[in-house]
Structures are given as C-alpha cells and as structure tokens.
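# Analysis of the macromolecular model
Here is what each chain is made of, one letter per residue.
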Amino acid sequence: MSEAATLPEFKPSDYKTDLKPVWCAGCGDFGVLTGLYRALTELQVKPWETVVVSGIGCSSRLPGYVDTFGVNSLHGRALPLAAGVKVARPDLTVIAVGGDGDGLAIGGNHFLHAARRNLDVSYILMDNEIYGLTKGQAAPTTPAGDKTKSTHYGNPEPAVDPCELAISVGATWVGRAFSGDLKGTVELMVKALRHKGFAFLNVMSPCVTWRGDDQFKSLKAKQRQLPENHDASSRAAALVYTRESEIVTTGVLFDVSEPTLLDRLATVKVNALAGKPQSTVADIIKSFQPSF
Ligand SMILES: Cc1ncc(C[n+]2csc(CCOP(=O)(O)OP(=O)(O)O)c2C)c(N)n1
Ligand code: SF4
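Just so it is clear, the structure is predicted and the values come from calculations on it, not from any experiment.

## Concerning the overall build of the protein chain
Scanning the protein chain from N- to C-terminus turns up 11 helices and eight strands. Relative to the 2.2 N^0.38 estimate, which gives 19 Å for 292 residues, the radius of gyration of the protein chain is 20 Å and therefore close to what a compact globule would have. On the principal axes, the C-alpha backbone points of the protein chain span a range of 65 × 50 × 45 Å. Split into buried and exposed, the 292 residues of the protein chain put 46% on the buried side.

In structure tokens form, the structure reads like this:
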C-alpha cells in the first residue's frame, strides 16, 4: 500500500502547535498564520518534510506556531539558514518568514543573494512598514515623511518596495498579498509554495500597535486585484505594479521558470566529474588538498 493511501488527510488544526501566539489582538500576522495553515492543508504538505525558518521580530515568532520543523533564528538570518537547509536536504519544503526590518534592513544582503541565486525556497515577508518588536522605529518600508518613534519629524528616507527589489534582483516568482484578505493570501501562498525557485510573497500585514488601526483600514481601501490580462512573465509589466502609493495591487506580479541554485550546482558537479569516470566528489576535493 502506498504512503499516500495510509496517511490521514491533514486539517488546518494539524499544523497548529500548542503555543498560543503572543501577538497583539488585531495584529495582521494572525491572518498570515491562518493563511499558512490553510495553504499547507491545501497542498497536504507533510509536517515532517517541511521546515519554517525565521529571523527575529514579532512576525519571526511564526515558526513556533506551526507544527513542522522550524527555527526562530537570529535577526536578519532567515534566508542563510533556509539556504543551508535546502542545500543539505533538497527534498524538504523550506519556507522562510519574517518582518520587513528583518528581511530588508539587517537581512537585506541575504535577500539580494537568495533571489539572484534562485534558491528554491518560499519567502513570506510580513510587511507592516515598521519595526514592531522593538516598539515602532522606522523600517526600510516605512513611507517617506511618516512620523514614527525614530522619525519624530517625519521619515527622511524614501521607502523600498520589496516586490520591486525582488523582481529586479532575480526572484523568479513575486506576489503581493494583504493579510486582511485571507482567501487571496491563501491562494498566493499556495502558488508561492508550488513554485520551483525563489518565490517571494510580500504580505501587507498591519501593526495595530505602532501603525494604528488606520493601517488596516487604509490597506483595505487601497487593495486592488491585478488585472486578469496582466503578463506575469514580463519583468517590465510586473514593475508597473510597484512603488504604488494610492493603491495596493495584490496578485502574482511576476512568474518565470529558471534553473535553481541546486540545478546549477548539479551542472557544476557534472562538469567537475567530466572525463574522470572513476572519480567521486570526494576524490576531486582531495585533489585540491596540499600533498605535504
Ligand atoms: C543583531 C540584532 N540587531 C538588532 C536587534 C533588535 N531587533 C529585534 S527585532 C528588530 C526589528 C523588528 O522589526 P521587523 O523585522 O520588521 O519585524 P516585526 O517585529 O515588525 O514583525 C530589531 C531591530 C536584534 N535582535 N539583533
Ligand atoms: S507590535 Fe505590531 S507587529 Fe508586533 S504583535 Fe503587536 S501589532 Fe503585531
């Protein structure tokens, strides 16, 4: 009998741990967590073949609430950790999660390299346009001019659009969601998880404590679905829906198929072994070692 035939069907509650989220009542990250339970259920992902990794922040607590393998690591280091897991165990489903400060400030360089390498992981960013855990300082996604705990007279820096960045540096799947739109968030998570390569999902996820209730209301009012005729294979067409201010367009902005980092490494292995039929990778490594 096949394994599939013997396994019970997973329900969203099967992906829940006993830990109760410590997020503020009304935090947008609840929508992301519920969305992830549903997306994992839709894909019938096996918990023991799945790893959810994060950095540090309110949003980075999420792996503790998902009953798969998981690591709540160091600030900004979700993606290097994800890379290590994926390279060591390509068979696992690897999901990186965290906040905009974690992923774009301290972790910004890792974001760039994970995207350009087309690392086969899904990266779900909970974008609240603020540092939540450390009590409301401006983040790279905080709009210019906004007053925060660290920008009393208005943010002097222009904001980064995470989707624009991801598209520009080589991510092969880029989507934008709003955590207040659960159905849309689940659909996008399912697509991101199905993608082979670096799938980046920017979820606008309100921080009710440091950005106020207004952030939820204004995102809801600004949300628009991508037009049905959008050409997601075109980088130029995808970039049209970035750097928006009066609207927030949700959907799959960009979706192309490219070799992943592991595909490219497989080619390197073939090249290294070419003409040396008896050699193993260990033999080749040995040939580089000094002989004294
Ligand atoms: C190396 C290091 N630098 C700074 C911090 C302090 N710190 C913890 S979380 C955080 C930012 C949190 O913001 P974000 O990543 O956007 O997540 P959120 O809390 O908003 O979900 C910072 C600066 C830290 N823990 N480690
Ligand atoms: S401080 Fe903001 S991001 Fe952190 S749990 Fe509260 S509402 Fe969520």
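## Let's talk about the site of ligand 2
Ligand 2 sits among Trp23, Cys24, Cys27, Cys58, Asn128, Cys207, Val208, Thr209 and Trp210. Within the shell around ligand 2, the residues separate by chemical class into seven nonpolar, two polar and no charged.

## A few points about the site of ligand 1
The full set close to ligand 1 counts 16 residues, and Cys58, Ser59, Gly101, Asp102 and Gly132 are the nearest of them. Asn128 is positioned such that a nitrogen or oxygen atom in its side chain is 2.9 Å from an oxygen atom of ligand 1. Backbone polar atom of Leu133 to an oxygen atom of ligand 1: 2.9 Å apart, as the coordinates give it. Burial of ligand 1 by the surrounding chains reaches 73%, relative to a free accessible area of 590 Å². Of the residues forming the shell around ligand 1, the biggest block, four residues, is contributed by helix α4 (residues 100-106). Its residues placed into classes, the shell around ligand 1 shows six nonpolar, eight polar and two charged.

## Some thoughts on the packing of helix α5 (residues 108-116) against helix α6 (residues 162-169)
Between α5 and α6, the shortest axis-to-axis distance is 8 Å and the interhelical angle comes to 45°. The orientation of α5 with respect to α6, classified from their angle, is oblique. Crossing angle aside, the handedness with which α5 passes α6 is right-handed. Between α5, through Phe111, Leu112, Ala115 and Arg116, and α6, the contact on the second element is made entirely by Pro162, Leu165, Ala166 and Val169. Residue composition of the contact of α5 with α6, grouped by class: seven nonpolar, no polar and one charged.

## Observations concerning the environment of Asp161
By secondary structure assignment, the location of Asp161 is in the loop between β4 (122-127) and α6. Note: C-alpha distance between Asp161 and Val52 (109 residues apart in sequence) is 24 Å. Each residue touching Asp161, except ones within four places of it in the same chain, is listed here: Arg176, Thr242, Arg243 and Glu244.

## Things to note about unusual backbone geometry
In this structure, Asn118 is a non-glycine residue whose phi angle is positive, near 55°. On the accessibility criterion, Asn118 (2% relative accessible area) is buried. Unusually for a residue other than glycine, Arg243 sits at a positive phi of about 55°. You can see Arg243 is positioned in the loop between α9 (235-239) and β8 (248-255).

## Observations concerning the environment of Ser150
Looking at the secondary structure, you find Ser150 in the loop between β4 and α6. For the pair Ser150 and Lys135, spaced 15 residues apart in sequence, the C-alpha separation works out to 9.7 Å. The residues touching Ser150, leaving out its near neighbours within four places in the chain, are Gly136, Gln137 and Ala138. Here Ala138 takes part through its backbone nitrogen, which lies 2.9 Å from a polar atom of the side chain of Ser150.

## Observations concerning the domain arrangement of the protein chain
The accessible area lost on association of the parts is a frequent measure of interface size. The domain boundaries assigned to the protein chain delineate domain 1 (8-257) and domain 2 (259-292). Each of domain 1 and domain 2 was reduced to a C-alpha centroid, and the two centroids are 36 Å apart. Each side of the interface is counted separately: domain 1 has 10 residues, and domain 2 has six residues. On inspection of domain 1 and its partner domain 2, the count reaches one salt bridge. The closest approach of N and O atoms between Asp263 and Lys196, which form a salt bridge, is 3.2 Å. The interface formed by domain 1 and domain 2 contains four residue pairs in polar contact (both at pLDDT 80 or more).

Thresholds applied
- Residues numbered from 1 in each chain as written.
- Chains lettered and ligands numbered in written order.
- Predicted model: local features only at pLDDT ≥ 70, side-chain atom pairs only at ≥ 80, totals over all residues.
- Heavy atoms only, no water.
- Helix = DSSP H or I, 4+ residues; strand = E, 2+ residues; numbered from the N terminus.
- Rg over C-alpha atoms; globule rule 2.2 N^0.38 Å.
- Buried < 20%, exposed > 50% of the residue type's maximum accessible area, 1.4 Å probe, protein only.
- Near = heavy atom within 4 Å.
- Nonpolar A, V, L, I, M, F, W, Y, C, P; charged D, E, K, R; others polar.
- Polar contact = N/O pair within 3.5 Å; in protein donor to acceptor, adjacent residues only side chain to side chain.
- Areas by Shrake-Rupley, 256 points an atom, 1.4 Å probe, with all protein chains shown as cover.
- Axes fitted to C-alpha atoms, helices over the stretch in contact; angles between N-to-C directions.
- Parallel < 35°, antiparallel > 145°, perpendicular 65-115°, else oblique.
- Left-handed = near helix turned anticlockwise from the far one by under 90°.
- Contact = heavy atoms within 4.5 Å.
- Domains from an automatic or database assignment.
- Salt bridge = Lys/Arg side-chain N within 4 Å of Asp/Glu carboxyl O.

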